[in-house]
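# Descriptive structure summary
One-letter residues, chain by chain:
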Amino acid sequence: MENQVSYVAQHDVLSDKTQYPSFLRTVPPMHFQASALAKVVKHFGWAWIGILASDYDICYVGMKQMKEEVEGMGICVSFWEKIHDSYSKEKMRAVAQRIRSSSAKVIVCDCFELDLKSLLHELIDLNITDKIWIFSNAFILTPGYFPMTSLRILNGSLILVINSPEMPNLKKFIESLHPSRYPEDIFINFFWEEAFGCKWPSNATSIVPITRESPGEKQYCTGKEVLNDLESMFVFSDMSYTYQNYLAVYALAWALQDMMLCKPGKGPFLNGSCADVEDLKPWQMLYYVRNVRFTTSTGEEIFFDQNGDVPPAFEFLNLQISLNDTVQLVKVGMYDSSVPEGKQVRMKNGAMMWNTGKSQPPSFLSDSVDCWPCPEDQWPNERQTQCFATTLQFLSFEEPLGTALSFLTSLLFLITLFVLCAFRKYQDTPIVKANNRVLSYVLLVAIMLCFLSSFAFIGYPSMVTCMLRQNSFGISFAISISAVLGKTITVIIAFNARDPTSRSSRWIGARMPSGVVLLCSFAPVLICTVWLLLDPPFPVKIQIQDTTIIQCDEGSVLFFYLMLGYLGLLATVSFVVAFYARNLPQSFNEAKFLTFSMLVFLAVWISFIPAYLSTQGKYMVAVEIFAILSSAAGLLGCIFIPKCYIILWRADLNTKQYLMQKTSSSNNL
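Residues numbered from 1 in each chain as written. Predicted model: local features only at pLDDT ≥ 70, side-chain atom pairs only at ≥ 80, totals over all residues. Heavy atoms only, no water.

### Details of the overall build of the protein chain
Each helix and strand in the protein chain was counted, giving 19 helices and 19 strands. Buried residues in the protein chain amount to 46% of all 669 residues. Accessible area of the protein chain: about 34000 Å², with a carbon and sulfur share of 60%. (Helix = DSSP H or I, 4+ residues; strand = E, 2+ residues; numbered from the N terminus. Buried < 20%, exposed > 50% of the residue type's maximum accessible area, 1.4 Å probe, protein only. Areas by Shrake-Rupley, 256 points an atom, 1.4 Å probe, with all protein chains shown as cover.)

Written out as structure tokens, the structure is:
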């Protein structure tokens, strides 16, 4: 396991220590950035904004979080567009047209310089210069990267950066860099050539006099160039990533110091032992880094929380361009998540300069009048000019899927009713008597209830149907499996009883099946009763863009899985008992059919759980209905269809003599 302290990775998933146990970072997760961007929009009272994001997953997720936050504050989003350097000119022009057609004056942008550059060209062509830009910390303003015509569009922008106090002696160190001081560092030579527009002679090991090779070519570097003359090369007002790197290095340094100061017998490991510096294990180093706590020279306390993150703090920079084209990034505010709500954003309005040329923020009150949130059951159109009814999604009786499942449910119910009538009509025949008539009736009625419970899953979810769905299916299946278990136990005891006329045998035959069914059915009834009393299911609406999914919230997930777990346990016990009894004399023994029915039941429900968890909406409901119908049909087909075949079409086999003959044959084997 390798330890890693990142100074740039912000994806929220990295806070999950079950997936990334050894990952730490000195930058806050991106949901804090989304919150900071949303609250600065709220701070200035803007109620009508647009959103841009680079076409990358991390930018999409960050802007999605920000969009949800601003909409929760009553702020409306006029548009949400993606940009990327690889997009065609036509696609970028379409984005620019979308920005021009919107009345929103504020654009929140989570994008990289490279992706924004081509869009700015299109905005210049369309003369779109009246927008206020708010950038996430993904936007790093590199000096000289944008031409001044493009940069002026961004004048007055706010740029969110991670808090970056001044690092002691950094500027002095950078200005002292010189190839002669670090002759082995080839990167300084490359930097020198780029910075001063010169080049070093090939294989040069020392400073050489300046000469000119030919007209139009670069001069040789002399080494007498002065970095102080290149102030624009270094943007010391935005050192956020540099500062996070600085913190990461210091965290490791403090961790090493804590490890070196460890005294044997008082260490953090087994029996008070310390780490062996010459044989250091990664998990030992991780311990020290995770528990490091130090204070920087500026008084900032640094530590890692349980997720491996540092306390989040952001600053706002204001891009200010003077009339003589001097570019400055001025710190004008900060965001601190540790202070109470409403005070987290603090801005110095007097220090700001907007694209209007004034220090006071524009309010755009007219936009707040034109914008209103759509009702819960409606969704805005693409241009955000009006609301329309959302598409309701639930498994209805009218749609093809609902109709097909309703027809199948009705058909299976009628087949079960027909089987029950056949057993009732021929109840005095040997094969019906031999298979415990009472339990057969109980099982058939329970199977019919299983089929009927499917109808509660179809149609518009209401409070009543939500409460009936899982509970009716759970209780009816518990009765069914209990009846199967009762039939199997009765078969085993009956074939092992030495004297069929004894009192114990009569007690087993008369009372044992009913006792098993009542006892095994009591637990799910109790679970469902407590479930309905404490935290019953209820209908909910889930909005996914222009679709409203109406479904049942199960209330207490604990009771739902407790019921499923009990059914699984009961089915497993029934399967094991039936499997044990499968080789008893076949004519009086239906254990083989019971074994196969339980095998089908378990197979259906084992495959149901992952399928159920991977779907949502009406398809999740359809999966559960299919599982109910399949498992109930398995019980009906495996246990009763062979008997119905003999009862209805092979009456010659439905005799006591035939059954006794088959029993004798089985015993002889």
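### Focus: the pairing of strand S7 (residues 158-162)
Counting buried positions along S7 gives 5 out of 5 residues, so the element sits mostly inside the fold. Of the two faces of S7, the one lined by Leu158, Leu160 and Ile162 and the one lined by Ile159 and Val161 are each fully buried. Inspection of the sheet shows strand S6 (residues 132-135) paired to S7 by 2 bridges, in the parallel sense. Counterpart to Ile134 in the pairing with S7 is Leu158. Note that S7 and strand S12 (residues 313-321) share 5 bridges and pair antiparallel. Residue pairing across strands places Leu160 opposite Phe316, the latter belonging to S12. (Pairing = 2+ DSSP bridges.)

### Brief notes about the side chain of Thr222
Checked against the element boundaries, Thr222 lands in the loop between strand S9 (219-220) and helix H8 (240-260). For Thr222, a relative accessible area of 13% puts it in the buried group.

### Details of the state of the cysteines
The final tally for this structure, using the stated rule, is 4 disulfides. Two residues, Cys109 and Cys111, share a disulfide whose sulfurs are 1.9 Å apart. Taking the sign of the torsion about the S-S bond as the criterion, the disulfide between Cys109 and Cys111, at about 105°, is right-handed. In this model, Cys262 is linked to Cys274 through a disulfide, with the two sulfur atoms separated by 1.9 Å. Between Cys262 and Cys274, the S-S torsion sits near -75°, and that sign places the bridge as left-handed. (Disulfide = S-S within 2.5 Å.)

### What about helix H3 (residues 89-101)?
Turn by turn, an α-helix covers 3.6 residues, leaving residues three or four places apart pointing in a common direction. Helix length check: H3 (13 residues) gives 18 Å between terminal C-alpha atoms against 18 Å at 1.5 Å per residue, within 8%. Those residues of H3 that fall on the buried side of the exposure criterion are Met92, Val95, Ala96, Arg98 and Ile99. Taken around the axis of H3, the buried residues stretch over an arc of 155°, which confines them to a single face. In H3, the exposed residues that point more than 90 degrees away from the buried face are Lys89 and Glu90. (Expected span 1.5 Å × (residues − 1). Arc of directions from axis to C-beta.)

### Describing the sheet that holds S12
Spatial ordering of the open sheet is given by S4-S3-S5-S6-S7-S12-S13-S14, a layout of 8 strands whose pairing is mixed. Each edge of the sheet is formed by a strand with only one pairing partner; in this case those strands are strand S4 (76-83) and strand S14 (345-347). Each adjacent strand pair in this sheet contributes to an overall mean axis angle of 25°, direction not counted. Pairing analysis gives 3 bridges linking strand S13 (residues 327-336) to S14, with the strands arranged antiparallel. Bridge pairing links Gly333 to Met347 in S14. Here helix H2 (residues 57-72) sits on the sheet and contacts strand S3 (48-54), S4 and strand S5 (106-110); the angle it forms with S3, its principal contact strand, is near 165°. (Axes fitted to C-alpha atoms, helices over the stretch in contact; angles between N-to-C directions. Contact = heavy atoms within 4.5 Å.)

### What about the packing of helix H1 (residues 30-43) against H2?
What describes two packed helices is the angle between their axes and the distance between those same axes. Between H1 and H2, the least distance of the axes is 8 Å, while the angle of their chain directions is 45°. In terms of orientation, H1 lies oblique with respect to H2. Crossing of H1 over H2 shows right-handed handedness. Across the interface between the two elements, Met30, His31, Ala34, Ser35, Leu37, Ala38 and Lys39 of H1 pack against Ile58, Val61, Gly62, Met63, Gln65, Met66, Glu69 and Val70 of H2. (Parallel < 35°, antiparallel > 145°, perpendicular 65-115°, else oblique. Left-handed = near helix turned anticlockwise from the far one by under 90°.)

### Observations concerning the pattern of salt bridges
Side chains that differ in sign of charge can pair as their charged atoms come close. Summed over all chains, the structure comprises 14 salt bridges. Ionic pairing is found between Asp130 and Lys105, a salt bridge with its closest N-O pair at 2.7 Å. Taken together, the positions of Asp130 in the loop between helix H4 (113-125) and S6 and Lys105 in the loop between H3 and S5 put the pair 25 residues apart, joining distant regions of the chain. The class of Asp130 is partly exposed, set by a relative accessible area of 38%. The class of Lys105 is partly exposed, set by a relative accessible area of 25%. A salt bridge links Asp279 to Lys281, with the shortest nitrogen-to-oxygen separation between them at 2.9 Å. The partly exposed category is assigned to Asp279, whose relative accessible area is 42%. On the accessibility criterion, Lys281 (32% relative accessible area) is partly exposed. Among the charged side chains, a network of salt bridges with common partners joins Lys89, Arg93, Glu122 and Asp125. (Salt bridge = Lys/Arg side-chain N within 4 Å of Asp/Glu carboxyl O.)

### Side note on empty space enclosed by the protein
Tallied over the full model, the rule gives 2 cavities of 30 Å³ or more. Taken as a whole, the largest cavity spans an internal volume of roughly 70 Å³. Along the walls of the largest cavity sit Phe457, Arg469, Gln470, Gln551, Cys552, Glu554, Tyr612, Met620, Val621 and Glu624, which together make up its complete lining. Looking at the lining of the largest cavity, the elements that each hand over two or more residues are helix H14 (463-496), strand S19 (547-553) and helix H18 (618-649). Considering every element that reaches the lining of the largest cavity, the biggest residue donor is H18, with 3 residues. A per-class count over the lining of the largest cavity returns 5 nonpolar, 2 polar and 3 charged. Quantified by volume, the second largest cavity comes out at close to 30 Å³. Taken together, Phe394, Leu395, Phe457, Gly459, Pro461, Arg469, Ile550, Gly617, Lys618 and Val621 form the lining of the second largest cavity. (1 Å grid on protein atoms, 1.4 Å probe; cavity = no way out; pocket = protein on both sides within 12 Å on 5 of 7 lines; lining within 4 Å. Points joined across faces, edges and corners; volume = space filled by probe spheres on them. Nonpolar A, V, L, I, M, F, W, Y, C, P; charged D, E, K, R; others polar.)

Without other data, these values stay purely geometric and don't point to any function.
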